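Overview (structure and organization)
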Amino acid sequence: MAQQKAAAAKRKGATAKNGRAANDAAPPKDRRRERGEASVQRIIDATIELIAEEGLASVTMQRIAEHVGSSNALVVFHFRSKENLFRAVLQYLSDRYDELWVTLVRAPGLSPVERALGAVDCAQRFARQHPKWVSVFVVFSSDRKSMQIYNEIGLPSDLAYTAEARELLIEISRSGGYTGVDIDTLSESLNYLVHGAWYWDHLNPSSRDTNVLRKTMLLLLHQAFPRHFELMR
């Protein structure tokens, strides 16, 4: 009898231990939260597609719901208003560009020249991989009503990227012994090129597959720092 009780206690202890281990290793997923996040993302994706194709004027909560295949009530539940939805869309796109910038420009171990080339690559790669995202950026920054949202969410990031690029150019100029380089004009010119190229790609989608943006940016960098940047053939 004593041996049977001991064996039972051992089995019970092992079961409890295994249960704790299983709980520690694989906490239960919040299925409701996952479904909610997936629903929000589908709405954001649908809004991006509609804005890219039709602009802002014709985009309504009802049309977004129809595009997603859900009810208008679900869209309102997640975002409350169209302005909140537009803010979420612009924040989502800004975050995606920032992720690419961090990968290409701020990766550990890169030299200033490599980081500058990463900034050049970031602008073109983002436009090629996500043309509709670029179109939405252009629409938000061009429409008078949505420009306030862009100025609050998109513009601060744009200014930060330009300032970061300027610091890279200053370091290249200093370490390379260059004199007489107008860093402010150069950094702003590169910024103008990116926004101009994105606007032109939005108007003329067939131009997206060319290397004109990269070639022009490298041309400016080569003229300023000929020993550090080669022309693109």
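- An unreviewed UniProt entry lists the protein under the name TetR/AcrR family transcriptional regulator, with Mesorhizobium ciceri as the source organism.

1. Quick word on the pattern of salt bridges
- Per the stated rule, a full pass over the model turns up 14 salt bridges.
- Measuring nitrogen to oxygen at the nearest pair gives 2.7 Å for the salt bridge that ties Glu99 to Arg96. One end of the pair is Glu99 and the other is Arg96, both in helix α5 (residues 82–105) and three residues apart, which spans about a single turn.
- With a relative accessible area of 44%, Glu99 lands in the partly exposed category.
- Here Asp184 and Arg166 are joined by a salt bridge, their closest N and O atoms 2.5 Å apart. Of this pair, Asp184 sits in helix α9 (residues 183–203) while Arg166 sits in helix α8 (residues 147–176), and the two are 18 residues apart along the sequence.

2. Some points on a nonpolar patch on the surface
- On the surface, a cluster of nonpolar side chains totalling about 350 Å² of accessible area is made up of Tyr199, Trp200 and Leu203.
- Note on placement: Trp200 falls in helix α9.

3. Things to note about the UniProt feature "DNA-binding region" (unreviewed entry) in the protein
- Per the UniProt record, the feature "DNA-binding region" (unreviewed entry) sits at residues 60–79.
- Within residues 60–79, the helical portion is 80% and the strand portion 0%, while the C-alpha atoms at the span's ends are 13 Å from each other.

4. Observations regarding the environment of Glu66
- Secondary-structure assignment places Glu66 in helix α3 (residues 61–68).
- For Glu66, a relative accessible area of 53% gives the class exposed.
- Considering only alpha carbons, one finds Glu66 and Ala46, 20 residues apart in sequence, at a separation of 9.4 Å.

5. Here we look at helix α2 (residues 31–54)
- Its 24 residues place the ends of α2 34 Å apart at the C-alpha level, agreeing with the 34 Å of an ideal helix rising 1.5 Å per residue.
- Buried residues of α2: Ser39, Ile43, Ile44, Ala46, Thr47, Ile48, Leu50, Ile51 and Ala52, and no others.
- Immediately downstream of α2, the backbone of Gly55 shows phi near 85 degrees, a positive value.

6. Considerations on the side chain of Thr47
- If you trace the backbone, Thr47 turns up in helix α2.
- Take Thr47: its relative accessible area is 0%, and that puts it in the buried class.
- Not counting residues up to four positions away in its chain, the partners in contact with Thr47 are Ile64, Leu85, Phe86 and Val89.

7. Digging into the packing of aromatic side chains
- Scanning the model with the defined rule gives 13 aromatic pairs in all.
- When the ring of Tyr97 is compared with that of Trp101, the centres are 6.5 Å apart and the planes differ by 35 degrees; the resulting orientation is tilted. Of the two residues, Tyr97 and Trp101 are both situated in helix α5; the distance of four residues between them amounts to about one turn of the helix.
- A residue is classified by how much of its surface remains accessible, and Tyr97, at 10% relative accessible area, is buried.
- Of the residues examined, Trp101 reaches a relative accessible area of 4% and is grouped as buried.
- The interplanar angle of 45 degrees and the centroid separation of 6.2 Å between the aromatic rings of Phe225 and Phe229 together place this pair among those described as tilted.
- A relative accessible area of 0% means that Phe225 is categorised as buried.
- On the basis of relative accessibility, which here comes to 1%, the residue Phe229 falls in the buried class.
- By way of ring pairs, the aromatic residues Tyr92, Tyr97, Trp101, Phe126, Trp133, Phe137, Tyr161 and Trp198 are connected into one cluster.
- Here the basic side chain of Arg227 rests over the ring of Tyr178, its NZ or CZ set 4.3 Å away from the ring centre.

8. Thoughts on the nonpolar core
- Formed by 60 residues in total, the largest nonpolar core has its most connected members in Phe140, Trp198 and Phe225.
- For this core, the element with the highest residue contribution is α5, accounting for eleven residues.
- Each of domain 1 (32–79) and domain 2 (82–222) contributes no fewer than three residues to this core.
- In contact with Trp198, other than residues within four places in its own chain, are Tyr97, Ala123, Phe126, Ala127, Val134, Phe137 and Val138.

Rules and cut-offs
- Residues numbered from 1 in each chain as written.
- Predicted model: local features only at pLDDT ≥ 70, side-chain atom pairs only at ≥ 80, totals over all residues.
- Heavy atoms only, no water.
- Salt bridge = Lys/Arg side-chain N within 4 Å of Asp/Glu carboxyl O.
- Helix = DSSP H or I, 4+ residues; strand = E, 2+ residues; numbered from the N terminus.
- Buried < 20%, exposed > 50% of the residue type's maximum accessible area, 1.4 Å probe, protein only.
- Patch = residues over 30% accessible without salt bridge, like charges linked within 9 Å, V, L, I, M, F, W, Y side chains within 5 Å.
- Areas by Shrake-Rupley, 256 points an atom, 1.4 Å probe, with all protein chains shown as cover.
- UniProt positions renumbered as here; feature names shortened; annotations may be inferred.
- Expected span 1.5 Å × (residues − 1).
- Contact = heavy atoms within 4.5 Å.
- Phe/Tyr/Trp six-rings, centres within 6.5 Å; stacked < 30°, edge-to-face > 60°.
- Lys NZ or Arg CZ within 6 Å of the ring centre and 35° of its normal.
- Core = buried A, V, L, I, M, F, W, Y, C linked by side-chain atoms within 4.5 Å.
- Domains from an automatic or database assignment.

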